[in-house]
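# Per-entry structural report
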Amino acid sequence: MIDSAVHDLLYGFSVALEPHNLMWCFVGVLVGNMVGVLPGMGPLATISILLPLTFGMKAVPAILMLAGILYGGQYGGAICSILLNLPCHPPHAVTCLDGFPMTKKGRGGVALGVTVLASFVGASWGITEMIFLSPLLVKAALQFGPAEVCSLMLLGLLAGSTLARGSPIKGVCMTVLGLFLGSIGTDLETGSERYTFGMTELDDGVELIALALGLFGIAEFMSSVNQVAPINTAYTNVRLRDMRPSLADLKRAFFPMWRGTLCGSLCSLIPGTGPTIASFVAYAAEKKVSKTPELFGTGLLEGVVCPEAATHSSIQGDFIPTMSLGIPGDAVMALLLGALMIQGIVPGPQLISQHADIFWGLVASFWIGNIILVVLNVPLIGIWVKMLAIPYKFLYPSAMFFVCIGVYAANNDFFQVGEVVVLGMLGYILLRLDFHPAPVVLGFVLGPRFEENFRRAMLIARGNIGVFVERPISAFFIALCVILLGTQLYVRLRGTKKRKTPADEIGGVTGGGTPQLAPQRVPATPAE
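Residues numbered from 1 in each chain as written. Predicted model: local features only at pLDDT ≥ 70, side-chain atom pairs only at ≥ 80, totals over all residues. Heavy atoms only, no water.

### What to know about the overall build of the protein
Put simply, the test is: Runs of H or I in DSSP of at least four residues are treated as helices and runs of E of at least two as strands, each being numbered from the N terminus. Burial here depends on accessible area, computed with a 1.4 Å probe over protein chains only, as a share of the maximum for the residue type. Under 20% is buried, over 50% is exposed, and the range in between is partly exposed. Working rule for contacts: check all heavy atoms of both residues, and any pair within 4.5 Å makes them a contact. All accessibility values rest on the Shrake-Rupley procedure with a 1.4 Å probe; residue burial counts only the protein chains present in the view.
For the protein, the helix and strand inventory stands at 21 helices and two strands. Counting all 528 residues of the protein, 52% fall into the buried class. Long-range pairs, those at least 24 residues apart, make up 79% of the contacts in the protein between residues at least 6 apart in sequence. Element-wise, carbon and sulfur atoms account for 67% of the exposed surface of the protein, whose accessible area totals about 24300 Å².

Below, the structure written as structure tokens:
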């Protein structure tokens, strides 16, 4: 098995090191690193904007560039969190807790240095995991029939919605909205039109590019365009020699780095968790095992290294179910899945055997891209920070221009530009109502495949719905769905029981004992 993996990996390097593939990998990590420091311009929005560019590209360089944007953006996001206390992306919010205090102590360079090391270690572990686990998953997935695939997709939809940011109920609503949008168009089996409202332009359904650009391009821009507060760059003068950690720093960071890496890799195996949950779980776990938990939040090196390692380990691990099973773990992975489908490639168990150049070229490009990022991050940190001085009033109109050009160039169709505008307004309204639209993409991408496999399973079983629990693998995934829903329900009910009583709201509870009522002020009498 090891010999086969080494042989396949060498083949992947031969693909990734081809000049044009290497060039697009470099472009991806460079763009990703650049947008990583800009609030609102994360990997999701950037991949959405650049997705039309992949139409004229071959499949291998296209997926290498988009993947480079993804993990390159995570490298850039750590810079703002540590130097500016500005979490440009959700996974780096926890890094601010100890990263910025380290910067104020004059150790921002050390924090950046160990972050680059921890990111590389976490990513390397995730890549190694992908090399050995993906072929095993493929062998197991070959035993899957329509019922098993349908149950697995149901688990991915539930996990992606209930584990998303914010309320689980809102996440489920967004997933259902994605399922509805995915059902618009012509039914593949009956040929009848569904929810097109007489518009022939919708016969082929809503375009993935229009959905992505609307929900994560225009909506994010509309939400951020009013941010005019200046950014404090007083602590951003970091020199190259400031980033070299001492031997004592490396010793202190060693075990937290590996604990974060393992935590992120475990989280990546659960569909729908993503790097945000992985970073917070890793930080909480590290605080539990620390001998000085009270020092977390005051500029502790462990509080920076552990979540960053978990973030990058989780990102690379998320590619395992996406590429080998065709089940995206989050919205970004769903976009990458859609990019492959645009190229006429269906991710799943057959991807490794039928498109080995894509899979193993992608794996090899991860190593190359992470090495490029380590080299890029050191000399370009000053430039990335200065980019934050660009006013939003100049940054976002230019981005909107490229959004319109990109969506029109896809099919030379103004109707899709209108789709982007409508979906952008819908996404903005959802954001204002605290409905995060990320699960919409998950439901949109998986919905048609879920429906197709459900129909196929029903035809094979002659309408017997019990087929989903009669087959062992399918029953296992259905059981996981029930456990997931039960856990969410239990957490919600437990949280309801722990709500404060009226007495608690007046005086609070001290030390877990009896409620301490606040002293009541007696109205003053005329004599007073």
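Further notes follow.
### Describing the packing of aromatic side chains
For the record, the criterion: Put simply, two rings from Phe, Tyr or Trp (the six-membered ring, in Trp's case) pair if the centres are within 6.5 Å, and we call them stacked under 30 degrees between planes, edge-to-face over 60, tilted for the rest.
Tallying each qualifying case throughout the model produces eight aromatic pairs. A centroid spacing of 5.9 Å and a plane angle of 80° characterise the contact between Trp-125 and Trp-258, whose relative ring orientation is edge-to-face. Highlighted residues: Trp-125 in helix α6 (residues 108-141) and Trp-258 in helix α10 (residues 247-268), separated in sequence by 133 residues. Classification of Trp-258 as partly exposed rests on a relative accessible area of 30%.

### Focus: the pattern of salt bridges
Counted only if it meets this: Whenever a carboxyl oxygen of Asp or Glu lies within 4 Å of a side-chain nitrogen of Lys or Arg, that contact is scored as a salt bridge.
Tallying each qualifying case throughout the model produces seven salt bridges. Where Glu-451 meets Arg-194, a salt bridge forms, and the shortest distance between an N and an O atom there is 2.8 Å. Placement of Glu-451 in helix α18 (residues 438-460) and of Arg-194 in strand β2 (residues 193-194) is noted, with a sequence separation of 257 residues between them. Glu-451 serves as the salt-bridge partner of Arg-455, at 3.3 Å between the closest nitrogen and oxygen. Remark: Glu-451 and Arg-455 occur in helix α18; sequence separation between them is four residues, near one turn of the helix. Looking at Arg-455, the relative accessible area reads 25%, which means it is partly exposed. Each member of the salt-bridge network shares a partner with another, and the members are Arg-194, Glu-451 and Arg-455.

### Comments concerning the environment of Met-341
Here Met-341 shows up in helix α13 (residues 331-342). Of the residues examined, Met-341 reaches a relative accessible area of 32% and is grouped as partly exposed. On a C-alpha basis, the gap between Met-341 and Val-445 in space is 9.8 Å, while along the polypeptide they are 104 residues apart. In this structure, Met-341 is in contact with Pro-347, Val-445 and Arg-449, ignoring residues within four places of it in sequence.

### Digging into a nonpolar patch on the surface
We count it as follows: Patch definition: residues above 30% relative accessible area lacking any salt bridge, with like charges linked at up to 9 Å and the nonpolar side chains Val, Leu, Ile, Met, Phe, Trp and Tyr linked at up to 5 Å.
Nonpolar side chains collect at one region of the surface, where Phe-180, Tyr-195, Phe-197 and Met-199 lie side by side and expose about 440 Å² of accessible area between them. Among the structural elements, Phe-197 can be located in the loop between β2 and α9 (208-224). Taking the relative accessible area as the measure of exposure, Phe-197 reaches 68% and is therefore exposed.

### A word on the packing of α13 against α18
Selection criterion: Angles here are taken between N-to-C directions and fall from 0 to 180 degrees, while the axes themselves are lines fitted to C-alpha atoms, restricted in helices to the stretch in contact. Angles are sorted into four bins: roughly parallel if under 35 degrees, roughly antiparallel if over 145, roughly perpendicular if 65 to 115, and oblique for all others. Take the far helix as the reference: if the near one is turned anticlockwise from it by less than a right angle, the crossing is left-handed, and if turned clockwise, right-handed. In this classification, the charged set is Asp, Glu, Lys and Arg, the nonpolar set is Ala, Val, Leu, Ile, Met, Phe, Trp, Tyr, Cys and Pro, and all remaining amino acids, among them Gly, are polar.
The N-to-C vectors of α13 and α18 enclose an angle of 40°; their axes lie 8 Å apart at closest approach. For the element pair α13 / α18, the angle class is oblique. Note on packing geometry: the crossing formed by α13 with α18 is left-handed. Facing Ala-331, Ala-334, Leu-335, Leu-337 and Met-341 of α13, the residues of α18 in contact are Ala-438, Val-441, Leu-442, Val-445 and Arg-449. Along the lines of polarity and charge, the residues of the contact of α13 with α18 split into nine nonpolar, no polar and one charged.

### A word on α10
Stated formally: Multiplying 1.5 Å by the residue count of a helix minus one yields the expected span of that helix. Note on bend: the value at a residue is the angle between axes fitted to the seven residues ending there and to the seven starting there.
In a regular helix each residue adds 1.5 Å, so 22 residues correspond to 32 Å; α10 covers 31 Å between its end C-alpha atoms and thus fits that length. The sharpest bend along α10 reaches about 35° and sits at Ala-253, with the proline Pro-256 one to four residues further on. Among the residues of α10, Asp-249, Ala-253, Pro-256, Met-257, Gly-260, Thr-261, Cys-263, Gly-264, Ser-265, Cys-267 and Ser-268 are the ones counted as buried.

### Structural notes on the nonpolar core
Heads up, the condition is: The set of buried Ala, Val, Leu, Ile, Met, Phe, Trp, Tyr and Cys residues whose side-chain atoms join them within 4.5 Å is what this entry labels a nonpolar core.
The biggest cluster of nonpolar side chains holds 76 residues, and the ones touching the most others in it are Met-130, Phe-319 and Met-323. Met-130 has contacts with Pro-135, Gln-316, Phe-319, Ile-320, Met-323, Phe-359, Leu-362, Val-363 and Phe-366, leaving out every residue within four places of it along the chain. Core analysis: the next-biggest nonpolar cluster, separate from the first, contains 18 residues, Ile-79, Leu-83, Met-243 and Val-304 among them.

### A word on helix α5 (residues 96-104)
Counting buried positions along α5 gives seven out of nine residues, so the element sits mostly inside the fold. Along α5, the residues classified as buried are Cys-96, Asp-98, Gly-99, Phe-100, Pro-101, Met-102 and Thr-103. After α5 finishes, the residue Gly-106 shows a positive phi value of roughly 85°.

### A few points about unusual backbone geometry
Generally, phi is negative for residues other than glycine and the peptide bonds are trans, each holding for most cases. Despite not being glycine, Tyr-195 has its phi angle at roughly 55°, a positive value. Tyr-195 sits in the partly exposed class, given a relative accessible area of 45%.

### A closer look at the side chain of Thr-175
Position of Thr-175 among the secondary structure elements: in helix α8 (residues 168-183). With near-sequence residues (within four places) excluded, Thr-175 lies in contact with Leu-157, Ser-161, Pro-439 and Gly-443.

### As for the packing of helix α12 (residues 302-325) against α13
Across the interface, α12 lies against α13 with an axial gap of 10 Å and an inter-helix angle of 45°. Compared by their axis directions, α12 and α13 come out oblique. Like other packed secondary-structure pairs, α12 and α13 cross with a definite hand, here right-handed. Contact with α12, carried on its side by Ile-315, Asp-318, Phe-319, Thr-322 and Met-323, involves Met-333, Leu-336, Leu-337 and Leu-340 of α13 and no other residues of that element. Partitioned by chemical class, the residues of the contact of α12 with α13 number seven nonpolar, one polar and one charged.

### Regarding the environment of Val-467
One can find Val-467 in helix α19 (residues 467-470). Among the residues examined, Val-467 registers a relative accessible area of 12% and is labelled buried. Beyond its immediate stretch of four places on either side in the chain, Val-467 contacts Ala-147, Met-458 and Ala-461.

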